Amino acid sequence: MRVIIRDTYEMMSKWAANAVAEKIKKQEKTKPFVLGLPTGSTPQGVYRLWVEAKEKGLLSFSNVVTFNMDEYVGLSPDDENSYHVFMYRNLFDLVDIPKENVHILDGTAIDLEGECQAYESAITAAGGIALFLGGIGRDGHIAFNEPYTPFTSRTGVRTLTADTVAANARFFGNDEGRVPKRALSVGIGTVMDAGEVMILASGRNKAHAVWETVEGPISHKCPASVLQLHENVTLVCDGEAASELSKDAVRFFRETETA
Ligand code: GLP
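Residues numbered from 1 in each chain as written. Predicted model: local features only at pLDDT ≥ 70, side-chain atom pairs only at ≥ 80, totals over all residues. Heavy atoms only, no water.

Peer 1: Any chance you could break down the sheet that holds strand β8 (residues 182-185) for me, citing the residues and the numbers?
Peer 2: The strand order across the open sheet formed by three strands is β4-β8-β7, and the pairing between neighbours is antiparallel. With partners counted over all chains shown, the strands left at the sheet margins are β4 (70-72) and β7 (156-159), one partner each. Adjacent strand axes in the sheet meet at a mean angle of 30°, parallel and antiparallel pairs treated alike. In terms of strand pairing, β7 meets β8 through four bridges, oriented antiparallel. Following the sheet pairing, Gly156 is matched in β8 by Ser185. (Pairing = 2+ DSSP bridges. Helix = DSSP H or I, 4+ residues; strand = E, 2+ residues; numbered from the N terminus. Axes fitted to C-alpha atoms, helices over the stretch in contact; angles between N-to-C directions.)

Have a look at this one:
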């Protein structure tokens, strides 16, 4: 695992946005760059920087295919709180991605399991995910894979924990009762199959999850800790999110950091 620590949220967002943009630019024109994407507060800085780069003519999404991590069960794609609306407002409507290249799980599908299996098949048909960008929950969850979800899990229906419902209530007028209790989510195995994984972590409330991910034991208690076993993972943190890492770990990652 590589850990990049930048003092501020703006600096970590810039590092991550540039790193992914460079990979998109380097992609050969004959096949698309397949990118996994998260929602949440943390990736918004990266999305803003990509939109700016697109507006300046420095980045194009015309050859990018995306797969989002998750979606709430029961929210239609035009629901204000759906991850569909979040993604179109923060990124897809503002860049030149062909709409047919966008994939987001449908939380209103009649056959939810079938929807999840079709999603896995679509990822395989696209040639697999080259880079999965993700956030992290304060309990170490990735996508909606809560603690104790099997590391081998594939895309499926998940039940949210009370902690995640409480954390996400801020998007629902701070009303926990309005937060859906189930979601469709890529599995931990789906994320682990990506060629590369980049996780963004910002703020003091992510510091323990970051410590567990980097220095804790590999345990399904902290889903993100499985990333210790992936050969190409970058965890991009701001100073507060990195604040529980040991001095040894910080020194190692600073000394060995390469562009
Ligand atoms: C939700 C999402 C995750 C996200 C997490 C953290 O639970 N399903 O994909 O990583 O929230 O979100 P935030 O970046 O807002 O802290």
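Having seen the model, we can carry on.
Peer 1: Please set out the nonpolar core residue by residue, giving values where relevant.
Peer 2: By size, the foremost hydrophobic cluster in this structure holds 42 residues, and its most contacted members are Val3, Val210 and Leu245. At the level of elements, β1 (2-6), β3 (64-68), α4 (112-125), α6 (188-192), β9 (196-201), α7 (207-215), β10 (233-238) and α8 (247-255) are the ones that each hand at least two residues to this core. Considering each element in turn, this core owes the most residues, four residues, to α4. Setting aside residues up to four positions removed in sequence, Leu245 forms contacts with Val3, Ile5, Val210, Trp211, Val214, Glu215 and Val250. (Core = buried A, V, L, I, M, F, W, Y, C linked by side-chain atoms within 4.5 Å. Buried < 20%, exposed > 50% of the residue type's maximum accessible area, 1.4 Å probe, protein only. Contact = heavy atoms within 4.5 Å.)

Peer 1: An account of the pattern of salt bridges is needed here, citing residue identities and associated values.
Peer 2: Taken as a whole and judged by the stated rule, the model has 10 salt bridges. Linking Glu257 and Arg6 is a salt bridge whose minimum nitrogen-to-oxygen distance equals 2.7 Å. In this pair, Glu257 is assigned in the segment after α8 and Arg6 in strand β1, connecting sequence segments 251 residues apart. You can call Glu257 partly exposed: its relative accessible area is 28%. As a salt-bridge pair, Arg138 and Asp163 come within 3.0 Å of each other at their nearest N and O atoms. (Salt bridge = Lys/Arg side-chain N within 4 Å of Asp/Glu carboxyl O.)

Peer 1: Kindly report on the site of the ligand, identifying the contributing residues and their values.
Peer 2: Every one of the 14 residues lining the ligand counts as a neighbour, but Ser41, Thr42, His141, Arg170 and Lys206 are closest to it. His141 is positioned such that a nitrogen or oxygen atom in its side chain is 2.8 Å from an oxygen atom of the ligand. At 2.6 Å from an oxygen atom of the ligand is found a side-chain nitrogen or oxygen belonging to Lys206. Burial of the ligand by the surrounding chains reaches 94%, relative to a free accessible area of 390 Å². The cavity where the ligand resides is the largest pocket. Considered class by class, the residues forming the shell around the ligand number four nonpolar, seven polar and three charged. (Near = heavy atom within 4 Å. Polar contact = N/O pair within 3.5 Å; in protein donor to acceptor, adjacent residues only side chain to side chain. Areas by Shrake-Rupley, 256 points an atom, 1.4 Å probe, with all protein chains shown as cover. 1 Å grid on protein atoms, 1.4 Å probe; cavity = no way out; pocket = protein on both sides within 12 Å on 5 of 7 lines; lining within 4 Å. Sits in = over half its atoms within 2 Å of the grid points. Nonpolar A, V, L, I, M, F, W, Y, C, P; charged D, E, K, R; others polar.)

Peer 1: I'd like a description of the packing of helix α2 (residues 44-55) against helix α3 (residues 83-90), backed by residues and values.
Peer 2: Packing of α2 against α3 leaves a shortest axis separation of 10 Å and a crossing angle of 40°. Relative to α3, α2 is oriented oblique. Contacts from Gln44, Tyr47 and Val51 in α2 reach Phe86, Met87 and Asn90 in α3. Looking at the contact of α2 with α3 residue by residue, the classes come out as four nonpolar, two polar and no charged. (Parallel < 35°, antiparallel > 145°, perpendicular 65-115°, else oblique.)

Peer 1: Describe the layout of surface pockets, listing the residues and the values that go with them.
Peer 2: Roughly 490 Å³ of volume is contained in the largest pocket. Lining the largest pocket are 27 residues, with Gly40, Ile136, Gly137, Asn168 and Lys206 positioned closest to its centre. The element best represented in the lining of the largest pocket is helix α5 (residues 162-168), accounting for four residues. Of the voids in this model, the second largest pocket is the one considered here, and its volume is about 210 Å³. What lines the second largest pocket is a set of 13 residues, and nearest its centre among them are Asn18, Ala21, Leu49, Ala53 and Leu58. Elements supplying a minimum of two residues to the lining of the second largest pocket: α1 (9-26) and α2. Broken down by element, the lining of the second largest pocket gets its largest block of residues, six residues, from α1. (Points joined across faces, edges and corners; volume = space filled by probe spheres on them.)

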